[in-house]
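# Coordinate analysis (summary)
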Amino acid sequence: MTVSTISIDSAFFRQAFSELAQIGRDPSGRGYQRLAWSEAEREAHRWFRDRAGQLGLEVFTDAAGNSFAELASPESGPALAIGSHLDTVPFGGAYDGGYGVVGALAAAEAIQRSGLKLSRPLRVCAFTDEEGPRFGTGLLGSKALAGALDMDLVRRAQDREGTPLKDAMARFGLDLEDLPSAARVRPTFLGYLELHIEQGPRLEQSHIRTAAVTAITGIRQVSLHFVGKTNHAGTTPKPDRRNALRAAAETIARFSPWVDAQEELVANPGQITVHPNAANVVPGEVRLDWDVRSPDPNRLQAAVEYLITVAEDVSRPFHISVDSQIFHDVPPCPMHPDWIELVASAAERLNLSCDRLVSWAGHDAGVLGRVMPAAMIFIPSRAGVSHAPEEYSTDEAMLDGVRLLAQTAADLLTREAES
Ligand code: HGY
Ligand code: MN
Ligand code: MN
């Protein structure tokens, strides 16, 4: 389809993005605290539904706390879903997730204004709890939609203070037991397109304006629980010390250099709790959480197995026990080859340079792409920084992405309705 019919209202996009950017700022000015199941994140969902309602889109929510806005079509075929997530990591940036949601709203606005005859509805999705830092329930919103939740795991989820996810959801009128009712795949959706910042340096370094994502990495988050013996830091004879923090430190010291030497693998020791966490006490208990990633399922499996072996090997001489729990497990997900070509073709017609990249960040598209066709569009991140207050993309880059999303969506929405 020719590209002239779709024009993005850049003022609408900038205004909406600046409004969302006001929600959930950390009081220190250091980034965002729009964590899932916080007042700020729920406010962001209310903002989204209000903004979409002002466009005349039909807005609704589901049992998982996701928000949706639908541009109806005369045909009732499976909807095209576009969107991203509204929650952030602690002290996160304004662009991860939020950009994709606002971009999807601006794309829907442009398509609505174009007067194109749509062969199917367009559903803008704002997912909750993509990041998962509080309850370890990353991608919960899109997993609920995909019918891919492990309800036993979700029922056991609690934060570091021991608050169950069930209680956090109940504060916002949601019942955890209703989560399975949020599943909507076939025949509700044709597929899913997600616009997102790259969160890495490759596009900026190569001076390429956009990318079509070829595959999304698998992620396995592993909690290692070291149990030694709490004791006095001065009087305990060295041979009797059962220092759980030392075993955790030795694990990092041995596993991380091994990861550095591997291809297509990253592993991050990102979260630790030490009990009782006092300098003059030999810590008897440590929980060390790892985030291990690879687009290759076999590498991912082998790396997690080796991590557990290393933890056991370094703990044994100290008579420290260690057990492991995988609390987040998302397999790698290839994007749909035809939809990758659709993005690339739209980019060509828009005279936008477009690379093809593996995503080392996890995304809602990595969940939905297992149950329906999916594709992702990246724009450059300044210095590749993300999950930090310094996260930034230029207005020009953001509008490139919105234009490419809108064009790709319009191509899909005007294709003859298939069965
Ligand atoms: O962790 C990730 O890769 C994503 O940003 N949630
Ligand atoms: Mn993120
Ligand atoms: Mn994200």
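Residues numbered from 1 in each chain as written. Chains lettered and ligands numbered in written order. Predicted model: local features only at pLDDT ≥ 70, side-chain atom pairs only at ≥ 80, totals over all residues. Heavy atoms only, no water.

### Here we look at the coordination of the manganese ion (ligand 2)
Around the manganese ion (ligand 2), the protein supplies Asp96 (OD), Glu131 (OE), Glu131 (OE) and His387 (NE2) as donor atoms, at distances of 2.0 to 2.8 Å. Motif for the manganese ion (ligand 2), donor spacing along one chain: D-x34-E-x255-H. If you look at the manganese ion (ligand 2) and the manganese ion (ligand 3), they sit 3.6 Å from each other and are both ligated by Asp96. Here His387 lies in the loop between β15 (374-379) and α12 (395-414) and Glu131 lies in the loop between β4 (122-127) and α4 (140-146), a separation of 256 residues in the sequence. (Donors = N, O, S within 2.8 Å, 3.2 Å for Na, K, Ca; no water. Helix = DSSP H or I, 4+ residues; strand = E, 2+ residues; numbered from the N terminus.)

### Concerning helix α3 (residues 98-114)
For α3, spanning 17 residues, the distance from its first C-alpha to its last is 24 Å, which sits close to the expected 24 Å at 1.5 Å a residue. The element α3 is extensively covered by neighbouring structure, given that 14 of its 17 residues are classed as buried. (Expected span 1.5 Å × (residues − 1). Buried < 20%, exposed > 50% of the residue type's maximum accessible area, 1.4 Å probe, protein only.)

### Topic: the packing of helix α1 (residues 10-20) against α12
Where α1 meets α12, the axes come as close as 11 Å, and the angle between the chain directions of the two elements is 115°. Classified by the angle their axes make, α1 and α12 are roughly perpendicular. As for the relative orientation of α1 and α12, their crossing is right-handed in sense. Residues Ser10, Phe13, Arg14 and Phe17 of α1 touch α12, and the partners they reach there are Asp395, Met398, Leu399 and Val402. When the residues that make up the contact of α1 with α12 are grouped by side-chain class, the tally is five nonpolar, one polar and two charged. (Axes fitted to C-alpha atoms, helices over the stretch in contact; angles between N-to-C directions. Parallel < 35°, antiparallel > 145°, perpendicular 65-115°, else oblique. Left-handed = near helix turned anticlockwise from the far one by under 90°. Contact = heavy atoms within 4.5 Å. Nonpolar A, V, L, I, M, F, W, Y, C, P; charged D, E, K, R; others polar.)

### A word on the packing of helix α10 (residues 337-349) against α12
Closest axis-to-axis distance for the α10/α12 pair is 9 Å, and the angle between their directions is 120°. With respect to α12, the axis of α10 lies oblique. Relative to α12, the crossing made by α10 is right-handed. Judged by residue contacts, Trp339, Leu342, Val343, Ala346, Ala347 and Arg349 of α10 engage Leu404, Gln407, Thr408, Asp411 and Leu412 from α12. For the contact of α10 with α12, the class distribution of residues is seven nonpolar, two polar and two charged.

### Digging into the domain arrangement of the protein
The domain boundaries assigned to the protein delineate domain 1 (10-216 + 333-418) and domain 2 (218-330). Using only C-alpha atoms to locate each centre, domain 1 and domain 2 end up separated by 33 Å. In this assembly, 11 residues from domain 1 lie in contact with 17 residues from domain 2. Both faces combined, the contact of domain 1 with domain 2 buries some 1,100 Å², and carbon together with sulfur accounts for 57% of it. In terms of surface lost to domain 2, no three residues of domain 1 exceed Gly136, Arg160 and Trp360, which account for 53% of the buried area on that side. Put simply, domain 1 and domain 2 have one salt bridge between them. (Domains from an automatic or database assignment. Buried area = accessible area lost by both parts, 1.4 Å probe. Salt bridge = Lys/Arg side-chain N within 4 Å of Asp/Glu carboxyl O.)

### Brief notes about the pairing of β15
For β15, a buried count of six out of six residues is recorded, marking the element as mostly surrounded by other parts of the structure. Summarising the sheet, strand β5 (residues 189-197) and β15 pair through six bridges and their orientation is parallel. The residue bridging Glu194 from the neighbouring strand is Met376, located in β15. In terms of strand pairing, strand β6 (residues 210-216) meets β15 through two bridges, oriented antiparallel. (Pairing = 2+ DSSP bridges.)

### Here's the deal with unusual backbone geometry
In terms of backbone geometry, most residues other than glycine have negative phi values and most peptide bonds are trans. With an omega of 5°, the peptide bond running from His275 to Pro276 counts as cis. On the secondary structure map, Pro276 appears in the loop between β9 (266-275) and β10 (281-282).

### Overview of the sheet that holds strand β12 (residues 321-330)
Read from one edge of the open sheet, four strands run β9-β11-β7-β12, paired in antiparallel fashion. Since the sheet does not close on itself, it has two edges, and those belong to β9 and β12, each with one partner. For this sheet, the mean inter-axis angle between neighbouring strands, taken without regard to orientation, is 15°. As paired strands, strand β7 (residues 218-227) and strand β11 (residues 285-294) are joined by 10 bridges and run antiparallel to one another. Across the sheet, the residue bridging to Phe226 is Val286, located in β11. Helix α8 (residues 244-260) rests against β7, β9 and β11 of the sheet, and its axis sits at about 15° to β11.

### Some thoughts on the environment of Asp175
Summarising the element assignment, Asp175 is placed in the loop between α6 (165-170) and β5. Residues Asp175 and Ala63, 112 residues apart in the sequence, show an inter-C-alpha distance of 7.4 Å. Discounting chain neighbours no more than four positions away, the residues touching Asp175 are Lys166 and Met169. In terms of polar contacts, Asp175 uses its side chain to reach the backbone amide nitrogen of Glu177, at 2.8 Å. (Polar contact = N/O pair within 3.5 Å; in protein donor to acceptor, adjacent residues only side chain to side chain.)

### Side note on the state of the cysteines
Throughout the structure, instances matching the rule amount to zero disulfides. With no disulfide of its own, Cys333 lies closest to Cys125 among cysteine sulfurs, the gap being 16 Å. Between Cys354, a free cysteine, and Cys333, which holds the nearest cysteine sulfur, the sulfur-to-sulfur gap is 18 Å. (Disulfide = S-S within 2.5 Å.)

### Comments concerning the packing of aromatic side chains
By the definition in use, this model includes 10 aromatic pairs. Considering the side-chain rings of Phe127 and Tyr192, the 5.9 Å spacing of their centres and the 65° angle between planes classify their relative orientation as edge-to-face. You can see Phe127 sitting in strand β4 and its partner Tyr192 sitting in strand β5, a full 65 residues away along the chain. Note on Tyr192: relative accessible area 0%, which makes it buried. Put simply, the rings of Phe13, Phe17, Tyr95, Tyr99 and Tyr392 touch in pairs and so form one group of aromatic residues. When the ring centre of Phe91 is taken as reference, the NZ or CZ atom of Arg30 above it lies at 4.6 Å. (Phe/Tyr/Trp six-rings, centres within 6.5 Å; stacked < 30°, edge-to-face > 60°. Lys NZ or Arg CZ within 6 Å of the ring centre and 35° of its normal.)

### Re the site of ligand 1
The local shell around ligand 1 consists of Asp96, Glu130, Glu131, Gln199, Arg293, Ala361, Gly362 and His387. At a separation of 2.8 Å, a nitrogen atom of ligand 1 approaches a polar side-chain atom of Glu131. A distance of 3.0 Å is found between an oxygen atom of ligand 1 and a side-chain nitrogen or oxygen belonging to His387. A total of 210 Å² of accessible area belongs to ligand 1 in isolation, and the protein chains cover 90% of it. (Near = heavy atom within 4 Å. Areas by Shrake-Rupley, 256 points an atom, 1.4 Å probe, with all protein chains shown as cover.)

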